[in-house]
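Chains, contacts and geometry: an overview
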Amino acid sequence: MLEVKNVTKRYGKNVACNDVSFTLEPGTLTVLLGPNGAGKSTIIKSMIGFLKYEGSITINGLSTKTAEARKYLGYIPEMPSLYPTLTVIEHMEFIARAYKLTNYKERINMLLERFELDDKRKKFGDELSKGMQQKLNLCIGLLPDPDLILLDEPMLGLDPHAIKELKNYIEEMRVAGKTLFISTHIIDSVDMLWDRTIIMQDGRIRANVTRDEIEGSGKSLEDIFFEVTEGISKEDVISSGSGIDAGEKAGESEK
Ligand code: ADP
């Protein structure tokens, strides 16, 4: 189980994440929704141990700042950072060796075929289009097959085939018992088998709801999103375990 507890991240006077707490239960898919600037990337980068923050983030009790905990974690960043002088296949082999994977060739072939990079194996990083770079970014992140995978805006820049393939792949991982955490600002991109949705705005969690709660409320996820982010009284919004931020009405900025 991954536990984010009272995490605050400041950039100077700007509070990018303000006392954020939630847990990811094993084998579930949690979606993190929020408008641009809500703090989604900041919390993901904190979870992966890239940023310093106040509070704690643990996997099965181990801080995600430790190498031991990071073994369980995979991260697919929003922006690909590829090596311009390595080819597609060299990127994949580099990651396989860095993670000390064994019998990885078949897995590389499977990923490159599914994300239509099979015929681009010998292309260099800087010869790839933006969309292809995004697909290679996904293949690199998925190759080590960790138990817990954090995806930051994974659909951005992908063509319809790759989006469909990624959605299928995400469902397969979920069925296989992986724990998935997907951050996005595009509500339509998450019409898949998510179990829980967390809505962030202005660095705070505004709602934390399960699929059952939303379906039981007769509202769509989009309804909930706009109610929460565009400001209504908290009594009108459904809440769950972590509930709705009781601190103030949505729409009030911390900045
Ligand atoms: P999101 O991913 O939801 O779009 P971010 O986590 O990227 O939001 O940003 C949250 C807030 O933190 C924004 O106000 C953003 O301007 C600020 N921020 C993000 N990264 C930095 C940084 N490296 N330095 C200063 N401010 C930052």
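Look above for the structure.
Described below are features of the structure shown in this document. Here the residue numbering is sequential within each chain, running from 1 through the sequence in written order. Confidence filtering applies because this is a predicted model: local features only for residues at pLDDT of at least 70, side-chain atom pairs given and counted only at 80 or more, and all residues used for totals across whole chains, interfaces and linings. The basis for every side-chain value is the complete set of heavy atoms in the structure, and neither hydrogens nor water enter the calculation.

1. What to know about the overall build of the protein chain
Comment: elements are numbered from the N terminus, with helices defined as DSSP H or I runs of at least four residues and strands as E runs of at least two. Tallying secondary structure elements over the protein chain gives eight helices and 10 strands in all. Over its C-alpha trace the protein chain gives a radius of gyration of 19 Å, about what one expects of a compact globule, namely 18 Å for 255 residues. Taken along its principal axes, the extent of the C-alpha atoms in the protein chain is 55 × 35 × 30 Å. The globule rule used for comparison is 2.2 Å times the number of residues to the exponent 0.38, while the radius of gyration itself is calculated over C-alpha atoms.

2. Remarks on the nonpolar core
In this structure, Leu29, Met92, Leu111, Leu112, Leu136 and Ile170 are the most contacted members of the largest nonpolar core, which totals 46 residues. Contact between two residues is taken to exist if any of their heavy atoms lie within 4.5 Å; hydrogens are not considered. In this structure, Leu29 is in contact with Ile170, Arg174, Leu180, Ile182, Met192, Leu193, Trp194, Asp195 and Arg196, ignoring residues within four places of it in sequence. We define a nonpolar core as any set of buried Ala, Val, Leu, Ile, Met, Phe, Trp, Tyr and Cys residues linked to one another through side-chain atoms lying within 4.5 Å. Categorising residues by exposure relies on relative accessible area from a 1.4 Å probe, with only protein chains included: less than 20% of the type maximum marks a residue as buried, more than 50% marks it as exposed, and the intermediate range marks it as partly exposed. Formed by 24 residues, the second largest nonpolar core is a distinct cluster that contains Leu24, Leu32, Ile48 and Met200.

3. Looking at the pattern of salt bridges
By convention in these notes, a salt bridge is any Lys or Arg side-chain nitrogen within 4 Å of a carboxyl oxygen on Asp or Glu. Enumeration according to the criterion identifies 15 salt bridges in this entry. Here Lys71 makes a salt bridge to Glu68, at a shortest N to O gap of 3.4 Å. Lys71 gets classed as exposed once you look at its relative accessible area, which sits at 63%. With relative accessibility at 41%, the residue Glu68 sits in the partly exposed group. The residue Asp119 makes a salt bridge to Lys120 at a minimum N-O spacing of 3.1 Å. Judged by its relative accessible area of 62%, Asp119 is exposed. Since its relative accessible area comes to 16%, Lys120 is described here as buried. Salt bridges sharing common partners tie together Arg107, Asp145 and Lys178.

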